[in-house]
Amino acid sequence: MEGNIPKYAPDLLRGNTDALLLFLIEEHPTYGYKLIKEIERRSNNYFQFKEGTVYPALHRLENDGLIEGEWQELPNKQERRYYRITEKGRQVLREKIAAWQGFTTAVNLVFNPARG
Amino acid sequence: MQPDVKNYLDEVRLHLRLDPAIERRIIRELYTDFQDRVAELRASGLSERDAIKAATRALGRPRVIAQRMYEAHSKGSWTEAALASLPHLIIALLFVSHLWHNPFLAPAAFTLIVGVTLYGWWHGKPSWLYSWIGYSLLPLLIGGYAFRSTIVKAVTYLFWSEGSLPSAWLMMLVLALIIFSLWIIIRTTIRVVKRDWLLTSLMLVPLPIMGGWLFDPNGAGNLFQGNTALLQPLDGPMALALVCLAATSAIFIRLRQRVLKFVALLAVGTIAMTTVVHYFGSPSGFFGLLAISLLLLAFLLSPALLEAKVGHGEQRGEAWWQSSSLEEPSVNS
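Residues numbered from 1 in each chain as written. Chains lettered and ligands numbered in written order. Predicted model: local features only at pLDDT ≥ 70, side-chain atom pairs only at ≥ 80, totals over all residues.

J.: Could you clarify how one ought to interpret the overall build of chain B in this entry?
T.: The helix and strand tally for chain B stands at 15 helices and 0 strands. Among the 333 residues that make up chain B, the fraction classed as buried is 35%. Across chain B, every contact between residues at least 6 apart in sequence was considered, and the portion connecting residues at least 24 apart equals 71%. (Helix = DSSP H or I, 4+ residues; strand = E, 2+ residues; numbered from the N terminus. Buried ≥ 20, exposed ≤ 12 C-beta atoms within 10 Å, placed from the backbone. Contact = placed C-beta atoms within 7 Å.)

The structure is reproduced here in structure tokens:
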């Protein structure tokens, strides 16, 4: 992950890159560059992933059977490798989202005890 | 294709050291990403030249991408780890049961190993294959050893005119065997080095142990004279060393980071080989063992030098990763 982000953000994000990628891929099959741009757009440029982060993560997820890749040829003859989530990937995503929500809730309770 | 792009992708491929099918897929994917990025930069008003430069810069350092891609693909499954350790365990079993001189079991074990090696070689060269290749080369060494007296006789006659020349057909047979063995060993080693010198070290690691056992004057010299009982004290250390190699091969396959694979292989490999050499009874003393350890370490590192000479991968033209169809290349490791 690159970009002008707070000092501790990489630590927070570590371990959650997979969840971000799985979440976007679950919405609809997509490809690496689109994922990079989509994460940038949705986070208001907070997250600026580079190819060196996204593609290794995609390949690891595919090797673990969480996503499946398939080459497709566009009308302009350009090729792209589209990724779609697998059933195993969906289950892992649910677990990751639940873990993240539990974590953030717990942190918020510590930071803002009045809200608890 | 622009030279900047080609150089960049070549640099990535140079450091990938993965199965060629996976390398092809990675480079192909990075190239499509690059095309998307250039198109976006051009649409924002940059010239083609500036867009290409900016896109190349945005992709990040080639070594970093290659290293992360390597780590994404380098960790094998437990099944692959078990398969990688299996040839060491098969041979260790022959030693531990003192059955390595059985006229049926030892040839059957090597036939199995060669068969599995050929299967793996023609089915995508998965990462577990490389520990099998080393043992598949052993029958060639054993063949050379079996004909050693013929070779010595021929050399003595030709250079010192002493004794008699072996029969012509035997000479031709031995010569053919030597040429064939050297051809197979050199060609295989170069092919594996072109993929990854570390896999070559994994492939070669049993050879000094088995070769030492085979060529040691107190070792297999007795094998061909039928004095197998004299060799039995070596069976335990040999089995232990091979079990160490089996564990190392499994760990090697399971590790993700290249540097850890490197350390595991060189450390355990050198220790196992030095232990066996120590049991052979030569050389004695700390410095003798140290010298042998350094020699064995140099042997395991020699594929790195060979890689510097022969390079990585095969020479390819522009856009070598693009196939005529969009079918997924086979991915086996």
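J.: What's the story with the domain arrangement of chain B in this structure? I'm lost.
T.: Where the parts come together, the accessible area they lose is often given as the size of the interface. Residues and elements named next belong to chain B. Annotation of chain B at the domain level lists domain 1 (3-71) and domain 2 (76-310). Computed from C-alpha atoms alone, the centre-to-centre distance between domain 1 and domain 2 is 40 Å. Between domain 1 and domain 2, the contact holds 5 residues from the first and 7 residues from the second. Residues belonging to the side of domain 1 that touches domain 2 are distributed by class as follows: 2 nonpolar, no polar and 3 charged. (Domains from an automatic or database assignment. Nonpolar A, V, L, I, M, F, W, Y, C, P; charged D, E, K, R; others polar.)

J.: What is the right way to read the nonpolar core from this model?
T.: Nonpolar side chains tend toward joint burial in soluble globular proteins. Formed by 49 residues in total, the largest nonpolar core has its most connected members in Phe95(B), Leu202(B), Met238(B), Ala241(B) and Leu242(B). At 10 residues, the largest contribution of residues to this core is made by helix α13 (residues 235-254) of chain B. With residues up to four places along the chain from it excluded, the contact list for Phe95(B) reads Trp100(B), Asp235(B), Met238(B), Ala239(B) and Leu242(B). Among the nonpolar cores identified, the runner-up in size contains 41 residues, and Tyr31(A), Phe49(A), Tyr83(A) and Val12(B) belong to it. (Core = buried A, V, L, I, M, F, W, Y, C linked by C-beta atoms within 7 Å.)

J.: In this structure, what is going on with unusual backbone geometry? I would like to understand it.
T.: When glycine is set aside, most residues are seen to have a negative phi, and most peptide bonds are trans. A positive phi is found at Asn44(A), a non-glycine position, where the angle reads about 50°. The topology assignment puts Asn44(A) in the loop between α3 (32-42) and α4 (51-63). Even without a glycine there, the phi angle at Arg17(B) is positive, about 55°. Examined against the element boundaries, Arg17(B) turns out to sit in the loop between α1 (3-14) and α2 (20-43). On the basis of neighbour counts, which here come to 23 C-beta atoms within 10 Å, the residue Arg17(B) falls in the buried class.

J.: Hey, could you run me through helix α11 (residues 197-204) of chain B in this one?
T.: Most of α11(B) is tucked away: 8 of the 8 residues are buried. Turning to α11(B), the residues buried within the fold contact α7 (130-136), α10 (168-195), α12 (206-215), α13, α14 (258-279) and α15 (286-310) of chain B.

J.: Please clarify how the confidence of the model for chain A should be interpreted in this entry.
T.: Detailed reading of the predicted coordinates is not advisable wherever pLDDT falls low. Residue-level pLDDT values for chain A average 86, and 87% of them are 70 or greater. Helix α1 (residues 9-13) of chain A is the least confidently modelled element of chain A, averaging 67 in pLDDT, while helix α2 (residues 17-27) of chain A averages 94, the highest of any element. (pLDDT = per-residue confidence, 0-100.)

J.: Any chance you could explain the interface of chain B and chain A here in plain terms?
T.: The partner chain A presents 16 residues to the 19 residues of chain B that form the contact. Elements supplying a minimum of two residues to the side of chain B that touches chain A: α2 and α4 (62-73) of chain B.

J.: Even after reading the chapter, I still don't get the pairing of strand β1 (residues 67-73) of chain A, so can you show me in this structure?
T.: Successive residues of a regular strand alternate their side chains across the two faces of the sheet. Residues and elements named next belong to chain A. Here β1 pairs with strand β2 (residues 79-85) via 7 bridges, running antiparallel. Looking across to β2, one finds that isoleucine 67 is bridged to isoleucine 85. The hairpin formed by β1 and β2 contains 5 residues between the paired strands, and lysine 77 there has a positive phi angle of roughly 75°. (Pairing = 2+ DSSP bridges.)

J.: Can you walk me through the packing of α3(A) against α4(A) in this structure?
T.: The relative placement of two packed helices is expressed as an angle between their axes plus a distance between the axes. Residues and elements named next belong to chain A. The contact between α3 and α4 brings their axes to 10 Å, and the two run at 120°. In terms of orientation, α3 and α4 fall into the oblique class. Crossing angle aside, the handedness with which α3 passes α4 is right-handed. Contact residues: Gly32, Leu35 and Ile36 in α3; Val54, Tyr55 and Leu58 in α4. Each residue belonging to the contact of α3 with α4 can be placed in one class, and the counts come to 5 nonpolar, 1 polar and no charged. (Axes fitted to C-alpha atoms, helices over the stretch in contact; angles between N-to-C directions. Parallel < 35°, antiparallel > 145°, perpendicular 65-115°, else oblique. Left-handed = near helix turned anticlockwise from the far one by under 90°.)

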